[in-house]
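# Fold and geometry: a report
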Amino acid sequence: MTDADKNLHEFNRQMVWAGFRQLVPIAVFVTLFGAAFGLAAIQAGLQGSVIVAMSTLVFAGASQFAALELWGPQVSLFTLVITVFAINARHLLMGATLYPWLRHLPPAKRYGVMLIASDANWAMSLQAFNRGQPGIGLLLGGGLALWSFWVVGTWLGIYFGGAIQEPRSLGLDMVMGCFLLAMVVGGEKNLRLLMIWIVAACASLLAYWYLPDNSHVVVGALAGGLAGTFWTEKKNEH
Amino acid sequence: MNIETTGSSALILVSIMAVVTLATRWGGVYVMSFVPIGYRVKQFIGATSGSVLVALLAPMALEGDNGARLALLATAATMLLLKKPLPAIAAGILTAAIFRQF
């Protein structure tokens, strides 16, 4: 990890706008994903206003799809809370990984930019920081792009969803996966990171098969993180 | 405890989901404000960041259909060759879409 003490946390309107534009290509796919959600939610029996409210306020696709699975005339509150928390628990780690830079911001901004942290803008932002470039503009601007396109997509899906009945056959379920993989492959690579990733992948798979549903991301990430504290970067030692 | 999904109770459920999700977005930052950022913690944070992605992707690659696997493979290969994310993502999606037509 690079030194976090430079002024990389600073951001202004231009940087937010640049971040917005940089995430628009991904956000276009997110619109389609949002439309798929809107359609699925209508089919699950939710009201249009509830669906738009969910995308606007929750803004976490995987957990929203999972909530649809639990939806019925009645919903078990406990199951819903546990499911949403487990799927979104990766945000805890995302916030923690950005903390070395976020800590230089006043609390209102620090928590404000985290309101719309999600997989894609977090990954872009962290990669920028690790390259020694400012990243908050990407986090905030990119988040605004993803969030607005997600809400618009949801709305489109509710009213015009019939047009994309099978997002899977168009490969749209792979958008996030391919994006995140591109981030991994495009980032720093060395033997230490490779070993850490193998630990993370194995732990994730074991959790996926043997531990409660939705625990695999957090288990794998923590296992990789722990591996990193044992096999530390040599260049920084002493 | 079961909650009805009719009328405004559905919006209450959505609000609860929103609060839980917000807690995950803020919680990590909040907890870290009590952790002194020493050498080990930095190493942990650095290792965790890539591991989140790998932990997300591993079951997708192993448990997914061949379309999903080929899509990830195409993305990785394009990324290594061109080092540009957008063509890499497009290649992945296109691969999955084409493969699943048959």
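In its Sequence similarities (unreviewed entry) section, the UniProt record describing chain A reads: "Belongs to the AzlC family."

Looking only at helices and strands, chain A has eleven helices and one strand in total. Ordered by position from the N terminus, the helices and strands of chain A form the series α-α-α-β-α-α-α-α-α-α-α-α. Taken over C-alpha atoms, the radius of gyration comes to 19 Å for chain A, in line with the 18 Å a tight globule of 238 residues would show. With respect to the principal axes defined by its C-alpha atoms, chain A has extents near 60 × 45 × 35 Å. In chain A, which comprises 238 residues, the proportion classed as buried is 53%. Long-range contacts, defined as pairs at least 24 residues apart, comprise 75% of the intrachain contacts of chain A with a sequence gap of at least 6.

Within chain B, the secondary structure is distributed over four helices and one strand. The order of helices and strands in chain B, counted from the N terminus, is β-α-α-α-α. Relative to a compact globule of 102 residues, whose C-alpha radius of gyration would be 13 Å, chain B shows 20 Å and is clearly more extended. Taking the principal axes of the C-alpha coordinates as reference, chain B spans close to 50 × 45 × 25 Å. For chain B, with 102 residues in total, the buried portion stands at 47%. For chain B, the proportion of contacts with a sequence separation of at least 24, taken over those separated by at least 6, is 29%.

As a note on interpretation, predicted positions should not be read in detail where pLDDT is low. Model confidence for chain B is summarised by a mean pLDDT of 92, while 100% of its residues fall at 70 or above. This prediction of the complex comes with two scores: 0.84 for pTM and 0.86 for ipTM.

It is worth spelling out the domain arrangement of chain A at this point. All names here are of chain A. Domain assignment breaks chain A into domain 1 (13–187) and domain 2 (189–238). Measuring from the centre of the C-alpha atoms in domain 1 to the corresponding centre in domain 2 gives 24 Å. Taken together, the six residues of domain 1 in the interface contact five residues of domain 2. For the side of domain 1 that touches domain 2, the elements supplying multiple residues, two or more each, are helix H4 (77–88) and helix H5 (90–102).

Attention now moves to the packing of helix H9 (residues 175–186) of chain A against helix H3 (residues 66–82) of chain B. At their nearest, the axes of H9 of chain A and H3 of chain B sit 9 Å apart, and the two run at 35 degrees to each other. Every pair of crossing elements has a handedness; the one defined by H9 of chain A and H3 of chain B is right-handed. Residue-level inspection shows Gly177, Cys178, Leu181, Ala182, Val185 and Gly186 of chain A of H9 of chain A in contact with H3 of chain B, the latter providing Ala71, Leu72, Thr75, Ala76, Met79 and Leu80 of chain B. Taken together, the residues of the contact of H9 of chain A with H3 of chain B break down into nine nonpolar, three polar and no charged.

Residue-level contacts link 65 residues of chain B with 82 residues of chain A. Secondary structure elements with two or more residues in the side of chain B that touches chain A: strand E1 (2–4), helix H1 (8–32), helix H2 (39–63), H3 and helix H4 (85–99) of chain B. If one sorts the elements of the side of chain B that touches chain A by residue count, H2 of chain B sits on top with 22 residues. When the residues that make up the side of chain B that touches chain A are grouped by side-chain class, the tally is 43 nonpolar, 16 polar and six charged. Here three bridges tie strand E1 (residues 74–76) of chain A to E1 of chain B, and the two strands are oriented antiparallel to one another.

In the contact formed by helix H2 (residues 48–57) of chain A and H1 of chain B, the axes pass within 9 Å of each other and the chain directions differ by 10 degrees. The orientation of H2 of chain A with respect to H1 of chain B, classified from their angle, is roughly parallel. Between H2 of chain A and H1 of chain B, the contacting residues are Val50, Ala53, Met54 and Leu57 of chain A on the first element and Ala10, Leu11, Val14, Ser15, Met17 and Ala18 of chain B on the second. Its residues placed into classes, the contact of H2 of chain A with H1 of chain B shows nine nonpolar, one polar and no charged.

With that out of the way, let us pick up H5 of chain A. Taking 1.5 Å of rise per residue, 13 residues should cover 18 Å, and H5 of chain A covers 17 Å from first to last C-alpha, within 8% of that figure. The largest bend in H5 of chain A comes to about 25 degrees, at Ala96 of chain A, with the proline Pro100 of chain A one to four residues further on.

This brings us to the UniProt feature "transmembrane region" (unreviewed entry) in chain A. Residue and element names in this part refer to chain A. Look at the UniProt record and you will see "transmembrane region" (unreviewed entry) annotated at residues 23–42, 75–99, 136–158, 170–186 and 193–211. From the first C-alpha to the last, residues 23–42 spans 28 Å; its make-up is 100% helix and 0% strand. Spanning residues 170–186, this segment combines 71% helix with 0% strand, and its end C-alpha atoms are found 25 Å apart.

To continue, consider the UniProt feature "transmembrane region" (unreviewed entry) in chain B. When the UniProt feature table is mapped to this numbering, "transmembrane region" (unreviewed entry) covers residues 12–32, 44–62 and 68–99 of chain B. As annotated, residues 68–99 of chain B comprises 94% helix and 0% strand, and the C-alpha atoms at either end are separated by 9 Å.

Scoring rules and cut-offs
Residues numbered from 1 in each chain as written. Chains lettered and ligands numbered in written order. Predicted model: local features only at pLDDT ≥ 70, side-chain atom pairs only at ≥ 80, totals over all residues. UniProt positions renumbered as here; feature names shortened; annotations may be inferred. Helix = DSSP H or I, 4+ residues; strand = E, 2+ residues; numbered from the N terminus. Rg over C-alpha atoms; globule rule 2.2 N^0.38 Å. Buried ≥ 20, exposed ≤ 12 C-beta atoms within 10 Å, placed from the backbone. Contact = placed C-beta atoms within 7 Å. pLDDT = per-residue confidence, 0-100. Domains from an automatic or database assignment. Axes fitted to C-alpha atoms, helices over the stretch in contact; angles between N-to-C directions. Left-handed = near helix turned anticlockwise from the far one by under 90°. Nonpolar A, V, L, I, M, F, W, Y, C, P; charged D, E, K, R; others polar. Pairing = 2+ DSSP bridges. Parallel < 35°, antiparallel > 145°, perpendicular 65-115°, else oblique. Expected span 1.5 Å × (residues − 1). Bend = angle between axes of the 7 residues up to and from the residue.

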